[in-house]
Amino acid sequence: MPEKKERILSIIKEVSQEEIKEIPNSTPFGVIIKKEIILSLCDRLHHDSKLYFDMLSCITGVDNGVELGTMEVLYHLYSIPFNQSLVLKVILPRENPEVESVTRVWKTANWLEREVYDMFGIIFTNHPDLRRILMPADWKGYPLRKDYKHEEYYRGVKIDY
Amino acid sequence: MKDQQYIYKPDNLIDSEPNKFKVSELKSEEMILNLGPQHPSTHGVLRLEVLSDGEIVNDVIPHIGYLHRCFEKHAESLPFNQIIPFVDRMDYVAAMNSEHAYAMGVERMLGITDQIPKRVEYIRVLVAEMNRIASHLIAVGTYGLDLGAFTPFFWIMRDREHILRLLEWASGARMLYNYIWIGGLFYDLPVGFEQRCREFIKYFRPKVKELETILVDNKIFIDRTANVGVLPLDLAINSGITGPMLRASGLRFDLRRVDGYSVYPELEFEIPIGEGKMGQVGDCWDRTHVRVREIYESLKIMEQCLNQLERDHKRTREFDPQAIVPKKIRPKAQELYVRAENPKGELGFFFRADGRNDIPFRCKARACSFVNLSILPEISRGVLIADLIAILGSIDIVLGEVDR
């Protein structure tokens, strides 16, 4: 589907006003975008009549480790009517990672973003209900960060692992 | 036994998972009702914080995470082939399907998808469809149990036992198989397996009909489920709902057909959708009905696989299901998202390999039950508490997969 890919790239170019960086060796194909445009771009892709990315399959957080000092959020979009997948990648600094929430576009984002917040400590601004979801509410630290060290005790119970 | 189980401090006794609603902020008629985590109708360790006004549900907040076993953290320190048992334990009533999706993802990363022998693929699809039937049986039977129909539960457990015994014969385990390996299978099917499968199908078809008669077409069941928990299609898509729930809302969307992975393009099967026969499209009855129809379709797929396995891709002495199982799994540096149709919806895996290690840099599971459960507050505002149980049962969650 080369013409769909063209269209995706032209929309991204229009919104971001920048050169497009594709994600190397990514299946399905994906694009690295700036974090400022995520909401406006998602809104455009969701409402575009030729693409219509109506489903957000997955939001993944990735921690690149202390040396690189970056974290990533990947959005796996899928368009049911046009059978087209797309990955959007946002790169964030490891200190105070913040990105705009896309719950306004897709309702799925609510729990998926909560999970990313729970595991990586990435703050999604304007999220309606950003609480921990899998870990207990008073858990210290973000478990999927590469430098995570768990606490010795949780409420007086030794974490014996 | 440890000397001291825990250190007592008064602070340690506060709620670890506090309610979202505060009692002091409630209106005069409202009450917080706590359902679970130890309640049979929540299908596991799920806690529902229900804000109720008399018998009407004003809002419901699911609290999950009681069965969190750190799958993604474990996966970051294990070689690819050793993750398969962990994948089994996610959706533990449909482990074969999860294994199939996982193995497919790693094979795509290694680029060996085309080399997998056809016989291996057919066996994979055969066992996956058997497990899909088992999972749907659990879904329908326990749903009946939720609504007060006791007999169907015993019937489905009896019939599911046949499937579990067959799978145990093939793999050695009843529920958590570790049977589908990356690049192949643990073993070939045992001699005589195909014959026994055919006997099972012959036995099982009338039993599904019986199940349909006693439960799905039952007047009491229809009264409890029709027009309850209606999920409109646009909301379903926007909320990322997949699997039988999405199909019950009226969209003919099945990843087995859309993506056409494995040997599914060569097989013939229908995709049942909700038609609103008893009420509106996308109500609880439709969801159950779609699951029962899918059992028939899975039986059809099983028969076609058996035909292939007995004719074109017969068992031979030379056939080795582990022939192309890689000894060392080190994919090139890449990112890959793979998805497959599980009994409960789209199971996705995201992998990042860095090309230098035998372990994934990041392995994320997009669990279908997790996303499907997130719709619960939306569709259960304003219903009766008894209907809340009916809606929750019709979502068909497995807490092992919700919490991972």
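In this text, all values refer to a predicted model and were calculated from it rather than measured experimentally.

Caption draft 1: Summary view of unusual backbone geometry. Here the residue pair Thr27(A) and Pro28(A) is connected by a cis peptide bond, since its omega of -10 degrees sits within 30 degrees of zero. If you trace the backbone, Pro28(A) turns up in the loop between strand S2 (26-27) and strand S3 (30-33). For Asn83(A), which is not glycine, the phi torsion reads 50 degrees and is therefore positive. With respect to the secondary-structure elements, Asn83(A) resides in the loop between strand S5 (70-79) and strand S6 (84-93). Within the chain, Ser262(B) stands out as a residue other than glycine whose phi angle is a positive 50 degrees. Relative to the helices and strands, Ser262(B) resides in the loop between helix H10 (255-258) and helix H11 (284-310).

Caption draft 2: Geometry of the sheet that holds strand S1 (residues 30-35) of chain B. Residues and elements named next belong to chain B. Read from one edge to the other, the open sheet built from 3 strands follows the order S1-S2-S3, with strand pairing classed as antiparallel. Each end of this open sheet is capped by a strand with a single partner; those strands are S1 and strand S3 (56-63). Going from strand to strand, the sheet's axes swing by 20 degrees on average, the running direction of each strand aside. Pairing analysis gives 6 bridges linking S1 to strand S2 (residues 47-53), with the strands arranged antiparallel. By the bridge assignment, Leu-33 is partnered in S2 with Val-50.

Caption draft 3: Representation of helix H3 (residues 95-110) of chain B in the model. With 16 residues, H3(B) should reach 22 Å at 1.5 Å per residue; the first-to-last C-alpha distance of 23 Å fits that figure. For H3(B), the tally of buried residues reaches 14 of 16 residues, placing the bulk of the element in the interior.

Caption draft 4: Spatial organisation of the sheet that holds S6(A). Residues and elements named next belong to chain A. Taken in spatial order, the 5 strands line up as S1-S3-S6-S5-S4 in an open sheet, and their pairing is mixed. Both edges of this open sheet fall to strand S1 (21-22) and strand S4 (55-63), since each of them pairs with a single strand only. As paired strands, S1 and S3 are joined by 2 bridges and run antiparallel to one another. Looking across to S3, one finds that Glu-22 is bridged to Val-31.

What counts, and at which threshold
Residues numbered from 1 in each chain as written. Chains lettered and ligands numbered in written order. Predicted model: local features only at pLDDT ≥ 70, side-chain atom pairs only at ≥ 80, totals over all residues. Helix = DSSP H or I, 4+ residues; strand = E, 2+ residues; numbered from the N terminus. Pairing = 2+ DSSP bridges. Axes fitted to C-alpha atoms, helices over the stretch in contact; angles between N-to-C directions. Expected span 1.5 Å × (residues − 1). Buried ≥ 20, exposed ≤ 12 C-beta atoms within 10 Å, placed from the backbone.

Purely spatial values, then, with no claim about function.
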